[in-house]
Amino acid sequence: MAASIVSGEVVRREGVAPAAAEEEDRWARLLPELVAEVVRRVEASGGERWPGRKDVVSCASVCRRWRDVAAAVVQPLPESGKITFPASLKQPGPKDFPIQCFIKRNKKDSTFYLYLGFTNNLTSTTGKGKFLMAAKRFRLGVHTEYIISLDADDLSQGNNAYMGKLRSDFWGTNFKIFDSQPPYDGAKASSTRSIRRFGSRRISPQVLSGNFDVGKVSYKYNLLKSRGPRRMSCTMECPSVQENWENSLKAKSLRRTGTTVLRNKAPRWHEHLQCWCLNFHGRVTVASVKNFQLVATADPSHPDSAGDEETVLLQFGKVDTDIFTMDYRQPLSAFQAFAICLSSFGTKLACE
């Protein structure tokens with residue numbers, strides 16, 4: 001019986017027979033500590049893979065006690081700090097500490113793979129982590145697009161694992177970030193031809209899918225060609241942090257949130273080393289023009305934006321030839337952070 005509950009075969013129905021109700025009561029009388037351990041093991045089963053959403057939902061459907069225990073164990077990402085389900089990739093990160101990830105680049109086929117890091121040790125980034133997303137770069141006329149997907153083997157917009165894309169202008173200095181799902185109720189897709197019914201239950205079941213504009217990334221032109229780091233700014237429609245754990249497992253009503261304006265933290269010139277320096281707290285080991293840290297800044301054109309020059313919301317940097325760290329926190333989601341980091345790849349002739 002316990003195995004069938006964990007595997008998702010027990011479904012609570014109205015009007016159950018007395019014998020079934022008695023069987024349900026028997027499971028409801030289990031010690032809360034034992035129930036919590038069952039749910040905790042189901043959630044923890046997603047070490048290097050995603051746990052079945054139905055497994056956790058089934059545990060919560062047994063009875064009110066099981067539901068209360070599941071709600072206590074499986075918390076949304078901003079509270080738990082854990083990426084449990086693919087839905088977590090579009091939830092904001094925790095507020096008090098960053099989620100530490102790393103990106104592997106394959107130059108031969110222009111693909112990029114995002115992993116969740118298991119330890120703080122940078123040497124672990126050369127090993128295995130939990131695969132989160134992949135992206136592939138395509139050249140479309142004068143534009144470049146990065147298609148972002150949950151499926152590392154099928155990087156196309158026609159796939160149910162399609163999460164969104166990043167699109168650049170001709171110079172590679174201005175980018176738009178498009179989400180496959182509406183960021184809030186009533187949002188309009190940028191192209192009606194791309195709208196379709198999204199049937200994958202790995203992100204959200206049966207929601208409208210298209211290309212919804214959720215952010216912009218811009219790199220400032222360096223007209224004088226003076227040597228120095230890149231200067232970048234981002235304007236993002238960030239996801240809401242006000243949701244419960246049940247909403248992380250199913251489709252939900254989305255409300256419009258405020259705009260977050262980010263800019264890169266200015267580095268300091270180090271006379272002894274003769275280079276520009278930022279404190280990455282040991283998370284970056286190789287100097288590169290691609291390295292950056294983003295902080296929130298108040299923007300007069302966005303009255304709802306707030307500034308914080310000290311807290312780094314996203315940092316990205318090189319640790320090996322084709323390995324980069326990516327650490328992000330609230331209000332950014334993993335999807336948005338990954339898209340911003342993808343914009344840093346490639347040469348920008350007008351900026352450097």
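What you see as residue numbers is a count from 1 along each chain, following the sequence as written. With the structure being a predicted model, the display of local features is reserved for residues of pLDDT at least 70 and the display and counting of side-chain atom pairs for 80 or more, all residues being used for whole-chain, interface and lining totals. Values reported for side chains reflect all heavy atoms of the structure, with hydrogen atoms and water molecules removed beforehand.

Asker: Explain the overall build of the protein here, please?
Answerer: Numbered from the N terminus, helices here are DSSP runs of H or I no shorter than four residues, and strands are runs of E no shorter than two. A tally of regular secondary structure across the protein gives seven helices and 16 strands. The classification of residues rests on relative accessible area computed with a 1.4 Å probe and restricted to protein chains. Under 20% of the type maximum is buried, over 50% is exposed, and intermediate values are partly exposed. Taking all 352 residues of the protein together, 48% fall into the buried category. For the protein, the share of sequence-separated contacts (at least 6 apart) that also reach a separation of at least 24 residues comes to 60%. Computed with a 1.4 Å probe, the accessible areas rest on the Shrake-Rupley method; for each residue, only the protein chains presented here act as cover. Only carbon and sulfur atoms are counted for the fraction: they give 52% of the accessible area of the protein, which is about 17,700 Å². The contact rule is simple, with two residues in contact once any of their heavy atoms fall within 4.5 Å.

Asker: So what exactly am I meant to see when it comes to the pairing of strand β5 (residues 162-168) here?
Answerer: The two faces of a sheet get side chains in turn, since along a regular strand they alternate between them. With six of seven residues buried, β5 is to be regarded as a mostly interior element. Counted between consecutive antiparallel strands, the loop separating β5 from strand β6 (residues 174-179) contains five residues, among which G172 sits at a positive phi close to 70°. Should DSSP find at least two bridges between two strands, the strands are taken to pair.

Asker: Please explain the packing of aromatic side chains as it appears in this structure.
Answerer: Within a pair of aromatic rings, the relevant descriptors are the distance that separates the centres and the angle that separates the planes. Only Phe, Tyr and Trp rings are paired, with Trp represented by its six-membered ring, and only when their centres lie within 6.5 Å; those with planes under 30 degrees apart are stacked, over 60 edge-to-face, the remainder tilted. All chains considered together, the criterion is met by ten aromatic pairs. For the ring pair F170 and W171, a centre distance of 5.1 Å and an interplane angle of 80° mean the geometry is edge-to-face. With a relative accessible area of 47%, F170 lands in the partly exposed category. Ring centres of F175 and Y219 lie 6.1 Å apart, and the angle between their planes is 70°; on these two criteria the pair is classed as edge-to-face. Of this pair, F175 sits in strand β6 while Y219 sits in strand β9 (residues 212-219), and the two are 44 residues apart along the sequence. Owing to a relative accessible area of 5%, F175 belongs among the buried residues under this scheme. Given the relative accessible area of 3%, Y219 is considered buried. Criterion for a charge above a ring: Arg CZ or Lys NZ at most 6 Å from the ring centre, at most 35 degrees from the ring normal. Over the face of the ring belonging to F335 we find K90, whose NZ or CZ atom lies 5.0 Å from the ring centre. One cation-aromatic arrangement involves K165 over F178; the distance from NZ or CZ to the ring centre is 5.6 Å.

Asker: How should the pattern of salt bridges be read in this particular structure?
Answerer: When the charged atoms of two side chains lie near each other, side chains of opposite charge can form a pair. Here, a salt bridge means any Lys or Arg side-chain nitrogen found within 4 Å of an Asp or Glu carboxyl oxygen. Evaluation of the coordinates by the stated rule reveals six salt bridges. R105 serves as the salt-bridge partner of D322, at 2.8 Å between the closest nitrogen and oxygen. One end of the pair, D322, is in the loop between β15 (308-320) and β16 (323-328); the other, R105, is in strand β1 (residues 99-106), and 217 residues separate them in sequence. The class of D322 is partly exposed, set by a relative accessible area of 23%. On the basis of relative accessible area, R105 is assigned to the buried category, the value being 15%. When the shortest N-O distance is used, the salt bridge between D327 and R283 registers 2.8 Å. Taken together, the residues D327 in strand β16 and R283 in the loop between β13 (275-277) and β14 (292-296) connect sequence positions 44 residues apart. What emerges from the salt-bridge pattern is a single network uniting E145, K165 and R167.

Asker: What am I meant to see in unusual backbone geometry here?
Answerer: Working note: non-glycine residues mostly have negative phi, and peptide bonds are mostly trans. The residue after Q330, namely P331, is reached through a cis peptide bond having omega 15°. Tracing the chain through its elements places P331 in the loop between β16 and α7 (334-342). Positive phi outside glycine occurs at S110, with the angle close to 55°. With respect to the element layout, S110 can be found in the loop between β1 and β2 (111-116). Among the residues examined, S110 registers a relative accessible area of 18% and is labelled buried. The backbone phi angle of H281 is positive, close to 55°, even though this residue is not glycine. Within the secondary structure, H281 sits in the loop between β13 and β14.

Asker: I tried to follow the environment of E37 on my own but got confused; where do I start?
Answerer: Along the chain, E37 falls in helix α3 (residues 32-44). Sequence-wise, E37 and V69 are 32 residues apart; in three dimensions their C-alpha atoms are separated by 9.5 Å.

Asker: What should I look at first to understand a nonpolar patch on the surface in this one?
Answerer: A residue counts toward a patch only above 30% relative accessible area and without a salt bridge, and it is joined to like-charged neighbours within 9 Å or, for Val, Leu, Ile, Met, Phe, Trp and Tyr, to nonpolar neighbours within 5 Å. A grouping of V142, F170, W171 and Y221 is seen on the molecular surface, where their side chains present a nonpolar patch of about 420 Å² in accessible area. The residue W171 is located in the loop between β5 and β6 in this model.

Asker: Would you mind going over the environment of Y115 with me for this structure?
Answerer: With respect to the helices and strands, the residue Y115 is situated in strand β2. Along the primary structure Y115 and Q100 are separated by 15 residues, whereas in three dimensions their C-alpha atoms are 9.0 Å apart.

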